[in-house]
Amino acid sequence: MQGMANLASFLTETGETQVEFAKRVGVSQGTVSKLCAGQITPSLPLAVRIARETGGRVPVDAWVRDAA
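Definitions and cut-offs
- Residues numbered from 1 in each chain as written.
- Predicted model: local features only at pLDDT ≥ 70, side-chain atom pairs only at ≥ 80, totals over all residues.
- Heavy atoms only, no water.
- Helix = DSSP H or I, 4+ residues; strand = E, 2+ residues; numbered from the N terminus.
- Buried < 20%, exposed > 50% of the residue type's maximum accessible area, 1.4 Å probe, protein only.
- Contact = heavy atoms within 4.5 Å.
- Arc of directions from axis to C-beta.
- Salt bridge = Lys/Arg side-chain N within 4 Å of Asp/Glu carboxyl O.

## Digging into the overall build of the protein chain
Move 1: Looking only at helices and strands, one finds 4 helices and 0 strands in the protein chain.
Move 2: Starting at the N terminus, the α and β elements of the protein chain follow one another as α-α-α-α.
Move 3: A burial count over the protein chain gives 29% of its 68 residues as buried.
Move 4: Contacts in the protein chain between residues far apart in sequence, at least 24 positions, make up 49% of those at least 6 positions apart.

Shown next as structure tokens:
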């Protein structure tokens, strides 16, 4: 799943902490940690907030598994 790698890379590249990003998207730091680790997949509304807050660098479709 690309989303977790994209989100982890975004945070590393920008120097933003998981705590700071979590506050911006309205979730806990634990949720951001689990997203980065690929342990959970965000709801559609959260995926949209992540896409918006990363300026599209972590797009909504990055979280969708390719069934093909």
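Structure shown, so let's carry the discussion forward.
## Considering the environment of Gln18
Move 1: Summarising the element assignment, Gln18 is placed in helix H2 (residues 18–25).
Move 2: Assessed through its relative accessible area of 24%, Gln18 is described here as partly exposed.
Move 3: With 10 residues separating them in the primary sequence, Gln18 and Ala8 have C-alpha atoms 9.1 Å apart.
Move 4: For Gln18, the contacting residues outside a window of four places in its chain are Leu11, Gln29, Val32, Ser33 and Cys36.

## Points about H2
Move 1: Turning to H2, its buried residues number three or more, namely Phe21, Ala22 and Val25. Along the long axis of H2, the arc covered by the buried residues comes to 105 degrees, so they all point the same way.

## Things to note about the pattern of salt bridges
Working definition: two side chains of opposite charge can pair if their charged atoms are close together.
Move 1: Counting across every chain of the model gives 3 salt bridges.
Move 2: Where Arg24 meets Glu16, a salt bridge forms, and the shortest distance between an N and an O atom there is 2.8 Å.
Move 3: For Glu53, the salt bridge is made with Arg24, and the minimal N-O distance between the two is 2.7 Å. Of this pair, Glu53 sits in helix H4 (residues 44–53) while Arg24 sits in helix H2, and the two are 29 residues apart along the sequence.
Move 4: Here Glu53 falls in the partly exposed class, since its relative accessible area comes to 28%.

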